Amino acid sequence: HAPAHAHARRGLALAPTDSGAHLSAGVAHLRAGRPFAARRALREALRLDPTSEQAESLWREADKACRPPYLPFYFWSLFV
């Protein structure tokens, strides 16, 4: 996951107002087991581009992973 995080950090440093950079960071966090950081990054991507269906679906996935009933299953699915 380190290359994905490095890529996302570079994207945010170069274009902090680009929703794609925040999407990249959100996906990297979500795949690395950090759903709360992912939800925060994806919310920012939605704020920058509210018409993006991809950002909305990813935010919904991250938000679902942060809910208490789903959180253990989320970590279990990352483990498996």
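Residues numbered from 1 in each chain as written. Predicted model: local features only at pLDDT ≥ 70, side-chain atom pairs only at ≥ 80, totals over all residues. Heavy atoms only, no water.

## Focus: the packing of helix α2 (residues 19-31) against helix α3 (residues 35-48)
Stage number 1. Where α2 contacts α3, the two axes come as close as 8 Å, and the packing angle between them is 165°. Classified by the angle their axes make, α2 and α3 are roughly antiparallel. Relative to α3, α2 is oriented so that their crossing is left-handed. Touching Ser-19, His-22, Leu-23, Ala-25, Gly-26, His-29 and Leu-30 of α2 are Pro-35, Ala-37, Ala-38, Ala-41, Leu-42, Glu-44, Ala-45 and Leu-48, all from α3.
Stage number 2. Residues that form the contact of α2 with α3 fall into these classes: 10 nonpolar, four polar and one charged. (Axes fitted to C-alpha atoms, helices over the stretch in contact; angles between N-to-C directions. Helix = DSSP H or I, 4+ residues; strand = E, 2+ residues; numbered from the N terminus. Parallel < 35°, antiparallel > 145°, perpendicular 65-115°, else oblique. Left-handed = near helix turned anticlockwise from the far one by under 90°. Contact = heavy atoms within 4.5 Å. Nonpolar A, V, L, I, M, F, W, Y, C, P; charged D, E, K, R; others polar.)

## What to know about the nonpolar core
Most often, soluble globular proteins keep nonpolar side chains buried together rather than apart.
Stage number 1. Core analysis: the biggest nonpolar cluster contains 11 residues, these being Leu-23, Leu-30, Ala-38, Leu-42, Ala-45, Leu-46, Ala-55, Leu-58, Ala-62, Ala-65 and Tyr-74.
Stage number 2. Of all the elements in the fold, those that place two or more residues in this core are α2, α3 and α4 (53-66).
Stage number 3. Residues contacting Ala-38, with those up to four places away along its chain left out, are Gly-26, His-29, Leu-30 and Ala-62. (Core = buried A, V, L, I, M, F, W, Y, C linked by side-chain atoms within 4.5 Å. Buried < 20%, exposed > 50% of the residue type's maximum accessible area, 1.4 Å probe, protein only.)

## Digging into the packing of aromatic side chains
Stage number 1. Overall, the coordinates contain three aromatic pairs when judged by the stated rule.
Stage number 2. Geometrically, the ring pair formed by Trp-76 and Phe-79 is tilted, given 5.7 Å between the ring centres and 40° between the ring planes. Residue Trp-76 and its partner Phe-79 are both found in helix α5 (residues 71-79); the two are separated by three residues, about one turn of the helix. (Phe/Tyr/Trp six-rings, centres within 6.5 Å; stacked < 30°, edge-to-face > 60°.)

## Focus: the environment of Ala-62
Stage number 1. Within the secondary structure layout, Ala-62 lies in helix α4.
Stage number 2. Residue Ala-62 is classed as buried on the basis of its relative accessible area, which comes to 0%.
Stage number 3. Sequence separation between Ala-62 and Arg-40 is 22 residues, and the spatial gap between their C-alpha atoms is 9.0 Å.
Stage number 4. Beyond its immediate stretch of four places on either side in the chain, Ala-62 contacts Leu-30, Pro-35, Ala-38, Arg-39 and Leu-42.

## Structural notes on the side chain of Ser-52
Stage number 1. Here Ser-52 is to be found in the loop between α3 and α4.
Stage number 2. Relative accessible area serves as the criterion here: at 15%, Ser-52 is assigned to the buried category.
Stage number 3. In terms of polar contacts, Ser-52 uses its side chain to reach the backbone amide nitrogen of Ala-55, at 3.1 Å. (Polar contact = N/O pair within 3.5 Å; in protein donor to acceptor, adjacent residues only side chain to side chain.)

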